[in-house]
Amino acid sequence: RESMKSFPHAATSMVEPYRTNGVYKFLTLLGLFLAPFYLVYLWSNRRSDIKSFSSFFFVGEIINFVLGLLSRLMMWHRQQRHMCRLDALSPPFPREQWPRVHIWCTHYTEPPADLVDTLRQSVQLDYPPESYVVTILDDGYYKTKGEVYEKTQIGQQMEDMIGETLAAFTQLGHAGIKKTWREVCPDERSRSYRHEVAPGGSSIIEFQVEGLPLVRFVCRKKGPDSFSKTGNLENALWNIMEDDVNFMVLLDADMAPRSDVLQLLLPTMLQYRDSEWKPDWRTAFASSPQDFKNIEHVWGASDPMNQKNKYFWQILPTALDSLGLVHFWGTNVAFFVPALKDVAGFVYACITEDTATGAQMHRLGWSSSFVGGASLSLFTGLCKENVEETFHQRKRWCQGNIQHYLMELDPPLVLADDFRHPPYRHELRRRLQDVKDQDRSKRAPEPISPEDVGAESRRSRRSWKWKVLRELAYFPCKNAFWYHLQPIYYYSIALAILYMGQPPFLIDSRPIVNPLDFFSRFHVVLAYWLANSLANFFGYSYILDDPNNPNSPLWRTQQEHWGYAWIRLVGLVEGLWSARTGKQPRWAVVGAAGRFNVFYELPNAVAFVTMAMSMAVVVANYCIAAGFGCGSELLPGPSTVPASDLVGCLLACFCVLFLMWPVTSCIFVDLLRIPPYYRLGSIVPTLLAATLQVGIGFALFNAAPRVNK
């Protein structure tokens, strides 16, 4: 679709607002208007016999209203950005003038086979081979014994894999590869060299094949503190890459790019001025969504663990793009390198350096853009292939969320010194303060380079209005704790009303005599719920242009929200603990049994079984009390709870089970050891479909009049 569009003169992209934006905004405002009446109704109709429980529900609904409103405001205006390729720009951009680019691919201990497609496709991009370099940043090539660096087995395997992959592109095989080796040693005279990330320097193995870009294999010699992925990236940024390179693309090991990836990512950071195409000095980076090729093979077409995560990687970014506040997700991103260096490089001491680094660029006024959509996927990789790895990944993201929040809050006497004052945090704070002082003084903003033409534009994005918008864009990340408490809150509410047999508020169903009565009756509750539900529907209108939706992204997003609630809270606690103590917590638990991680997975299974068994016990007790008059008085019975009320309570609990089922079904697969994961997801609906007629038969049998002969 990008190549079919006609772009205006000097335009690098065109944005197309979603047609459903108007309806979405109206429903959001309607929900905001109805919210006070909804909350007043809940308060004035609290049940006197369970007033404490009703008050708990009321407070929870206030918090959920605020969280929901902020989420909807964040999605206020969605747009699809259509990119103009470099070779289609008008005025034309000659290929020989296209900017130099470095493509970074990070590696640690992943199997070398995971990088084969990434490397193979990276060296075949539709871009002049002399204008870009493919760099594999390897953190697993060396291990230390005392002060000696020794090559590891996986390091040798990586080196061999690169040679084998490139040899396939030349008729001479390995003989057609020019291979050189050099060392980058710490230079005490260089102020830019960052010693902490590579105190032993780096080994650089370069592979050159005629007609292909240069391939660099960078092997970092780490110190006692490797600084993890941040250290690997910092080493490449400050110690390896040439200073005259303005653009860099960052990939995870398994993310294979499309051939035209550079032609579509770079234009959003360019501007036509002085009769040529140059960097615009306003856009710091362009992010593109993650896509995975192994989901159906591992998890089945239904994707029960929501590995596609379409809300986070496809739907939300279309709204953030309208603000220029798209997040940096750690991979599939093109950087304008001077913007990255403007914030002193990648953020240290945060386990998810990506989001925190992108946020600091936004604080300085840099913008970002989103390149992707239902019909445009620039990278394809591999998702996690079991529950434990997936849970660990989501836990890690939440650790980073709370660390990002604490990093910017910076409370004294609370955080570990290593967390508050990691390398270059002082330089970042000083840069932010200098810019703040400069803006207050009303002085002309200082450019960071003689070519910098975006200083004034960046200052305009540092106003109080943009500060509010930035906080809104990062609110779900920095305040993730509240969102991940929601499923646990609603689970406890559902379980409580099941055992009580009644909701936490009275149902005022009196007829409406005059229009104002609407706002004091139960009708306002239904209207509030309906407005928010329809707003959610129109917020996911992305599906209208995406034919690949075997399951609704809205369902899967909600089910993921419930299925990952426990492990995300664990991640938030670990992130808080590590920021407080400077150490990663170790839980004293049973541990993993085979592929089943007891600490990660068992709570979900227990919660699911508890809810299902509670429903069975309550229903059985009700039937026994109705038929024999001997049920437990502690549970709902016909004498205290009408059958219609009990059905409503059971429906609420069934919704909880429905939302928990996809992720929990995969946990049951681990527990019962019946892989692959898609089997159980297929067995249940197939069994229901096969036996549906039996259920209909029983219903007809019970409803039919009895015939006595």
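Residue numbers run consecutively from 1 along every chain, following the written order of its sequence. For this predicted model, a pLDDT threshold of at least 70 governs which residues receive local features, and a threshold of 80 or more governs which side-chain atom pairs are given and counted, while totals over whole chains, interfaces and linings are taken from all residues. Side-chain numbers come from the whole structure's heavy atoms, not from hydrogens or water.

Caption draft 1: Molecular detail of helix H5 (residues 228-240). With 13 residues, H5 ought to run about 18 Å at 1.5 Å a step, and its terminal C-alpha atoms sit 17 Å apart, in line with that. Buried residues of H5: Thr-230, Gly-231, Asn-232, Leu-233, Glu-234, Asn-235, Ala-236, Leu-237, Trp-238, Asn-239 and Ile-240, and no others. For helices the rule is a DSSP run of H or I covering at least 4 residues; for strands it is a run of E covering at least 2, with both sets numbered from the N terminus onward. Here a helix's expected span is defined as the number of its residues, less one, multiplied by 1.5 Å. Each residue is placed in one exposure class: buried if its accessible area under a 1.4 Å probe, protein chains only, is under 20% of its type's maximum, exposed if it is over 50%, and partly exposed if it falls in between.

Caption draft 2: Focus on the state of the cysteines. Here, a disulfide means two cysteine sulfur atoms that sit within 2.5 Å of each other. Inspection of the entire model under this criterion finds zero disulfides. Here Cys-653 is not cross-linked by a disulfide; its sulfur's nearest cysteine counterpart is in Cys-649, at 7.1 Å.

Caption draft 3: How the structure looks around unusual backbone geometry. Of note, the bond from Ser-90 into Pro-91 is cis; its omega dihedral lies within 30 degrees of zero at 0 degrees. Of note, the phi angle at Asn-306 is positive, near 55 degrees, even though the residue is not glycine. The class of Asn-306 is buried, set by a relative accessible area of 4%. Not every positive phi belongs to a glycine, and Leu-413 is a case in point at roughly 65 degrees. Topologically, Leu-413 is positioned in the loop between helix H11 (387-409) and helix H12 (417-420).

Caption draft 4: Representation of the side chain of Asn-306 in the model. Along the polypeptide, Asn-306 turns up in the loop between helix H7 (295-299) and helix H8 (310-323). Any two residues having at least one pair of non-hydrogen atoms within 4.5 Å are treated as being in contact. Look past the residues within four positions of Asn-306 in its chain and what remains in contact with it is Arg-394, Arg-556, Thr-557 and Glu-560.

Caption draft 5: Representation of the confidence of the model for the protein chain in the model. For the protein chain, per-residue confidence averages 90 on the pLDDT scale, and residues scoring 70 or more make up 94% of the total. Each residue carries a pLDDT score, the predictor's confidence in it, ranging from 0 to 100. Counting contacts from residues 588-594, a segment whose pLDDT is below 50, to residues more than four positions away or on other chains yields nine contacts.

Caption draft 6: Up close: the sheet that holds strand S16 (residues 367-370). One requirement defines pairing of two strands: DSSP has to find at least two bridges between them. Ordered in space as S7-S8-S9-S4-S3-S10-S15-S14-S16, the nine strands form an open sheet in which the pairing is mixed. Lying at the two open borders of the sheet, with one neighbouring strand each, are strand S7 (177-184) and S16. Mean inter-strand twist for the sheet, computed between neighbouring axes without regard to direction, equals 20 degrees. For helices, the fitted line uses only the C-alpha atoms of the stretch in contact; every axis is such a line through C-alpha atoms, and the angle between N-to-C directions lies from 0 to 180 degrees.

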